[in-house]
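A closer look at the structure
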Amino acid sequence: MRLLAKGAVALTAIAVLAGCSAGAGSDASGKTQLDWWVINPSSPSAAAAQEKIITDFQAANPDITIKKTNRAVDAHKDALRTSIGTAAAPDIYDFWAGPGLGGELVKNGASADLSAQYTEYKWPERFTEAALGPVTQYGGYHGVPWKLNGEAMYYNKALFEQAGIAEVPKTMDELNDAAAKLKDAGITPIEFGGTVNWHVMRLLDTFLEGYCGSDTFDKLVTKHANWGQEECVTESFTNLQKWSKDYFNSGFIGINNDEASSLFFNGKAAMALEGDWFNAQIKDKATKAEDYGVFPLPTGTGRMYGFEQAMYITKDSKHADAAAKFLDFMMSTPVQKETLGKFSTQSVNKEVKPTGTDELTKSWEGIFAAAKGLYMNNDQNLSQSQTTEYWRIQNLVATGGLDPAKAGAEFQKFLDSSK
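Conventions adopted
- Residues numbered from 1 in each chain as written.
- Predicted model: local features only at pLDDT ≥ 70, side-chain atom pairs only at ≥ 80, totals over all residues.
- Heavy atoms only, no water.
- Buried < 20%, exposed > 50% of the residue type's maximum accessible area, 1.4 Å probe, protein only.
- Helix = DSSP H or I, 4+ residues; strand = E, 2+ residues; numbered from the N terminus.
- Pairing = 2+ DSSP bridges.
- Phe/Tyr/Trp six-rings, centres within 6.5 Å; stacked < 30°, edge-to-face > 60°.
- Lys NZ or Arg CZ within 6 Å of the ring centre and 35° of its normal.
- Disulfide = S-S within 2.5 Å.
- 1 Å grid on protein atoms, 1.4 Å probe; cavity = no way out; pocket = protein on both sides within 12 Å on 5 of 7 lines; lining within 4 Å.
- Points joined across faces, edges and corners; volume = space filled by probe spheres on them.
- Nonpolar A, V, L, I, M, F, W, Y, C, P; charged D, E, K, R; others polar.
- Polar contact = N/O pair within 3.5 Å; in protein donor to acceptor, adjacent residues only side chain to side chain.
- pLDDT = per-residue confidence, 0-100.
- Contact = heavy atoms within 4.5 Å.
- Axes fitted to C-alpha atoms, helices over the stretch in contact; angles between N-to-C directions.
- Parallel < 35°, antiparallel > 145°, perpendicular 65-115°, else oblique.
- Left-handed = near helix turned anticlockwise from the far one by under 90°.

Moving on, we get to the pairing of strand S7 (residues 304-313). Of all ten residues making up S7, ten are buried, and the element is well covered by its neighbours. Residues Met304, Gly306, Glu308, Ala310 and Tyr312 line one face of S7 and the alternating positions Tyr305, Phe307, Gln309, Met311 and Ile313 line the opposite face, and both faces are buried. Pairing between strand S3 (residues 92-96) and S7: five bridges, direction antiparallel. Each residue of the ladder has a partner; that of Tyr93, found in S7, is Tyr312. Bridge count for strand S4 (residues 144-156) against S7 is seven bridges, and the pairing is antiparallel. Across the sheet, the residue bridging to Pro145 is Ala310, located in S7. Direction of pairing for S7 relative to strand S8 (residues 374-375): parallel, over a ladder of two bridges. Each bridged residue has a counterpart across the sheet, and for Met304 the counterpart in S8 is Leu374.

Structure, rendered in structure tokens:
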């Protein structure tokens, strides 16, 4: 699918999406207005942190106003892909930094190269090496690091104990055994929401990393290995079908991730495959945060599952200087210290270190410190069309509509036809 949408349908959508463009210049008071599009915050505390960033920035910069638009994940993707390159585009947009999402917009000319701003604000000195990697991978500087998230397995301690699981799984076999023990104890092993394809995808990605290993995983997602010829791909899809049939919450395919998460918070599912932002959700929504733990996904490769989100300035923004000023404020040491733990447990600012003493925060410190690299969610590794097909095959396998032994070849057929 082309990112720069054309035609009557796109024009109609654009009219609905925006009343005021990034280049509109000012609000009713004559101040410079920045349109900021950002994904819905994951918790009430994160939402409050977003609002405070705006309030504090505007107090320090009375000539600039921030008009924030929050959207759900998929609505955010659709809005950006429809509006980029038109008068409806925002000045700043929040997006994932992987080649299949942020990279797709970079390649289509949506993002401004911020090399001059990086020099002006000395950003290369501010951000961690890990955070800078994703924004420099296309040449120049595209996007400003916002948050680097890891993903792992959260679990309910009491339910693990009830099922006789004395230690958290450290291998794929132990993870499978834990799920079986939970089921035998009458406990739903894990929750997923199937209406958002990326939720179930996390488990399939994990199986691929675990059964194929890091080298083959990377070759698969870069089209240097054949999905239909790797036995580990069949093993991964086979295990996905086993889990979806025996270990997922009943009716998973008809609910979303938020609805599924409520099962975890209410003690009706023992595990949740989530990112470190889930710490804030547990504190906001669960009765006792100390009732929960988190462990790294036991793939055996040593790599952490995760991704980076960056704030991008659109190439056509007429307020690039004001936008850079806002992002400089947002990623500054004082603001990053104040918001640490609201969006992620680790800051992209090298001067900001975790200070939390609770078990979940300390666990994440260990997960990040022990990580021997990163493997990203496949909707970031793959193009939009490839991701859509990956999800279609994933869902067919998960719901029993496709033989797992045929899934890899089915996906490879699509990759070959879309070259």
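Read on for the rest.
Right, let's talk about the packing of aromatic side chains for a bit. A complete count under the given rule lists 30 aromatic pairs for this structure. In textbook terms, an aromatic cluster arises when at least three aromatic residues are bridged by ring pairs, as seen for Tyr154, Phe264, Phe265, Phe278, Tyr292, Trp364 and Phe368. One Lys or Arg, Arg71, reaches over the ring of Trp37 and ends 4.3 Å from the middle of that ring. Here Lys77 stacks its cationic end above the ring of Trp96, 5.4 Å away from the centre of that ring.

This part is about the state of the cysteines. If you walk through the whole model with that rule in mind, you get one disulfide. Here Cys212 is linked by a disulfide to Cys232, with a sulfur-sulfur distance of 2.1 Å. Handedness here is read from the sign of the S-S torsion; for Cys212 and Cys232, about 100°, the answer is right-handed. Placement of the pair is Cys212 in helix H10 (residues 197-221) and Cys232 in helix H11 (residues 231-246), with a sequence separation of 20 residues. When its relative accessible area of 11% is taken as the criterion, Cys212 is described as buried.

Estimated volume of the largest pocket: approximately 700 Å³. Surrounding the largest pocket, 36 residues form its lining, Ile39, Asn40, Val73, Trp198 and Asn257 being those nearest its centre. Quantified by volume, the second largest pocket comes out at close to 450 Å³. Contributing elements (two or more residues each) for the lining of the second largest pocket: helix H7 (129-136) and S7. For the lining of the second largest pocket, the per-class residue count stands at twelve nonpolar, seven polar and four charged.

To continue, consider the side chain of Thr345. Tracing the backbone shows Thr345 in the loop between helix H15 (333-339) and helix H16 (359-370). For Thr345, a relative accessible area of 5% corresponds to the buried category. Among the polar contacts made by the side chain of Thr345, one reaches the side chain of Gln346 at a distance of 3.4 Å.

Here the protein chain averages 91 in pLDDT, while 93% of its residues score no lower than 70. A low-confidence stretch, residues 1-24 stays under pLDDT 50, and its non-local contacts, those more than four residues away or across chains, total 37 contacts.

With that out of the way, let us pick up the packing of helix H12 (residues 257-265) against helix H13 (residues 278-285). Packing of H12 against H13 brings their axes to within 11 Å, and their N-to-C directions diverge by 60°. Accordingly, the angle class assigned to the pair H12 and H13 is oblique. When you trace H12 past H13, the crossing you get is right-handed. Contacts between H12 and H13 pair Ser261, Phe264 and Phe265 from the former with Phe278, Gln281, Ile282 and Lys285 from the latter. Across the contact of H12 with H13, the residue classes tally to four nonpolar, two polar and one charged.

Moving on to the environment of Thr69. Inspection of the secondary structure puts Thr69 in strand S2 (residues 64-71). Judged by its relative accessible area of 22%, Thr69 falls in the partly exposed class. Considered as a pair, Thr69 and Leu360 are 291 residues apart in the sequence and their alpha carbons are 31 Å apart. Contacts of Thr69, omitting those with residues within four sequence positions, involve Trp36, Trp37 and Val38.

Let us look at empty space enclosed by the protein. Under the criterion given, the structure shown has one cavity of 30 Å³ or more. Taken as a whole, the largest cavity spans an internal volume of roughly 70 Å³. Lining the largest cavity, in full, are Trp146, Lys147, Gln336, Thr339, Leu340, Gly341, Phe343, Ser344, Gln346, Ser347 and Val348. Across the lining of the largest cavity, the residue classes break down as four nonpolar, six polar and one charged.

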